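Inside the fold
Listed below are the residues making up each chain.
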Amino acid sequence: MLLILLKFALAAAVIVVAGSFLTRYADALAVHTRLGQALAGAVLLATATSLPELTVDCSLARQGTVDIAVGDLLGSSLFNLLILAGIDLVQRSPRRMLSRMAAAHALSATMSVMLTAICLIALLTHTDRTFLGVGPGPIALALVYVLGLRLVHFDQQFAAAAAAEAEPNDHPDLPSLGQSILGFGVAAVVILLTGPRMATYADQVATATGLGGTFVGTTLVACSTSLPELVTTWAAVRMRAFDLAIGNIFGSNSFNMIIFLPVDACYSGSLFAAASPTHALSAGCVIIVTSVYTLGMLYRAERRYWLLEPDALLVILLIFSALGLIRAMGG
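The following refers to the structure shown. Everything numeric in this text was worked out from a predicted model, so none of it was measured.

**Looking at the overall build of the chain**
- Regarding its fold elements, the chain presents 14 helices and zero strands.
- Each helix (α) and strand (β) of the chain, taken in turn from the N terminus, gives the series α-α-α-α-α-α-α-α-α-α-α-α-α-α.
- Within the chain, the proportion of its 331 residues that are buried is 53%.
- Look at the contacts in the chain between residues 6 or more apart in sequence, and 87% of them connect residues 24 or more apart.
- If you sum the accessible surface of the chain, you get close to 14400 Å²; carbon and sulfur atoms cover 69% of it.

Below is the structure:
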């Protein structure tokens, strides 16, 4: 057990270093490509940090451990929101992170809610029909993601153009485009190779405790695969790149939903039909918590209440309540 914990800590350290570089180069690519921090976070950073979920859950689906795979994807979305709430609480600034500058992310958050709602419906209908080995739920998720990403792209292009006119465009310490692409690619590969190792060690520790597959996937494995999001989001906040941080979280949650497509393709049968109904609780909580964040962004309040954010505190309470319910239901 001690050896597994040491391996887990070493893998975590590697991801921390790689995630810091990933954030720096993603920010540089946002400037070079004129994507803007919001779109770079929602696409580039979110895709790279979600690679561990892709590899881990495809492997779990091949092994037939459906509940851990589904729990990891939904639990990862919960942990991503928890990461944002925690950083919002500890951030010392007279301005709120979830305020006027983040209002443009409401579209990305709404897209995440829509995708999770489709996942919830697929879990509740429990259909065993498949098309080319994939159920209708993952197919619908992929189609809606592509259409939603197109809307986010157009919206953020206008926002990026407005920001470029309003702010100076000199970045003296910015890496070149070639260095940014190479650095981003290397950091993404390191996270891709290290993330599954962390999830494997977490699963080994969880198996020894005798916890249920749904709870294990939603907590320990999800926490492991969400470490890249934690590191990159914190690094973005330290760089004062709040758009990059928030775009990373909502983009990762949306990307988590389309990972169901390759995971279902790796499973012999309908993934959602074989999954435990308890996962519907996780999906419902993701929808509620994301809605709370969306309301907080649209409210545009600029003052902090004492040292804490009420919306961030509510998010943390909701997430821990959901985890407690999942454990109580014996998932």
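**Structural notes on the nonpolar core**
- Counting 43 residues, the largest nonpolar core has Leu 22, Leu 81, Phe 250, Tyr 293 and Ile 319 as the members making the most contacts within it.
- At the level of secondary structure, the elements contributing two or more residues to this core comprise α1 (2–32), α2 (37–49), α4 (66–90), α7 (177–209), α9 (227–238), α10 (242–258), α13 (279–299) and α14 (310–328).
- The greatest single-element share of this core, amounting to nine residues, is contributed by α4.
- When near neighbours in sequence (up to four residues on either side) are disregarded, Leu 22 contacts Leu 45, Ala 48, Thr 49, Phe 184, Ala 187, Ala 188, Ile 191 and Thr 232.

**Structural notes on a nonpolar patch on the surface**
- On the surface, Phe 131, Ile 139 and Leu 143 cluster together into a nonpolar patch covering about 280 Å² of accessible area.
- With respect to the helices and strands, Ile 139 occurs in helix α6 (residues 136–166).
- Residue class for Ile 139 comes out partly exposed when judged on its relative accessible area of 30%.

**Overview of the packing of aromatic side chains**
- Under the counting rule described, the total for this entry stands at four aromatic pairs.
- Relative to Tyr 293, the ring of Phe 250 has its centre 6.4 Å away and its plane inclined at 80 degrees; by these criteria the two rings are edge-to-face. In this pair, Phe 250 sits in helix α10 while Tyr 293 sits in helix α13, placing the two residues 43 residues apart along the sequence. Considered together, Phe 250 and Tyr 293 belong to a single accessibility category, that of buried residues.
- Between Phe 260 and Phe 272, the ring centres sit 5.0 Å apart and the planes meet at 50 degrees, which makes this aromatic pair tilted. With Phe 260 in helix α11 (residues 260–266) and Phe 272 in helix α12 (residues 271–274), this residue pair connects regions lying twelve residues apart in the sequence.
- On the accessibility criterion, Phe 272 (3% relative accessible area) is buried.

**Considering unusual backbone geometry**
- Here Leu 132, not a glycine, exhibits a phi torsion of approximately 55 degrees, which is positive.
- Leu 132 sits in the exposed class, given a relative accessible area of 92%.

**Observations regarding the environment of Arg 62**
- Tracing the backbone through its elements, the reader meets Arg 62 in helix α3 (residues 51–63).
- Separated by 205 residues in the primary sequence, Arg 62 and Tyr 267 place their C-alpha atoms 5.5 Å from one another.

**So, α3**
- Over its 13 residues, α3 runs 19 Å from end to end, which matches the ideal 18 Å to within 8%, given 1.5 Å per residue.
- Within the span of α3, buried status applies to Leu 51, Pro 52, Glu 53, Val 56, Asp 57, Cys 58, Leu 60 and Ala 61.
- A positive phi of about 85 degrees marks Gly 64, the residue just after α3.

Procedures and definitions
- Residues numbered from 1 in each chain as written.
- Predicted model: local features only at pLDDT ≥ 70, side-chain atom pairs only at ≥ 80, totals over all residues.
- Heavy atoms only, no water.
- Helix = DSSP H or I, 4+ residues; strand = E, 2+ residues; numbered from the N terminus.
- Buried < 20%, exposed > 50% of the residue type's maximum accessible area, 1.4 Å probe, protein only.
- Contact = heavy atoms within 4.5 Å.
- Areas by Shrake-Rupley, 256 points an atom, 1.4 Å probe, with all protein chains shown as cover.
- Core = buried A, V, L, I, M, F, W, Y, C linked by side-chain atoms within 4.5 Å.
- Patch = residues over 30% accessible without salt bridge, like charges linked within 9 Å, V, L, I, M, F, W, Y side chains within 5 Å.
- Salt bridge = Lys/Arg side-chain N within 4 Å of Asp/Glu carboxyl O.
- Phe/Tyr/Trp six-rings, centres within 6.5 Å; stacked < 30°, edge-to-face > 60°.
- Expected span 1.5 Å × (residues − 1).

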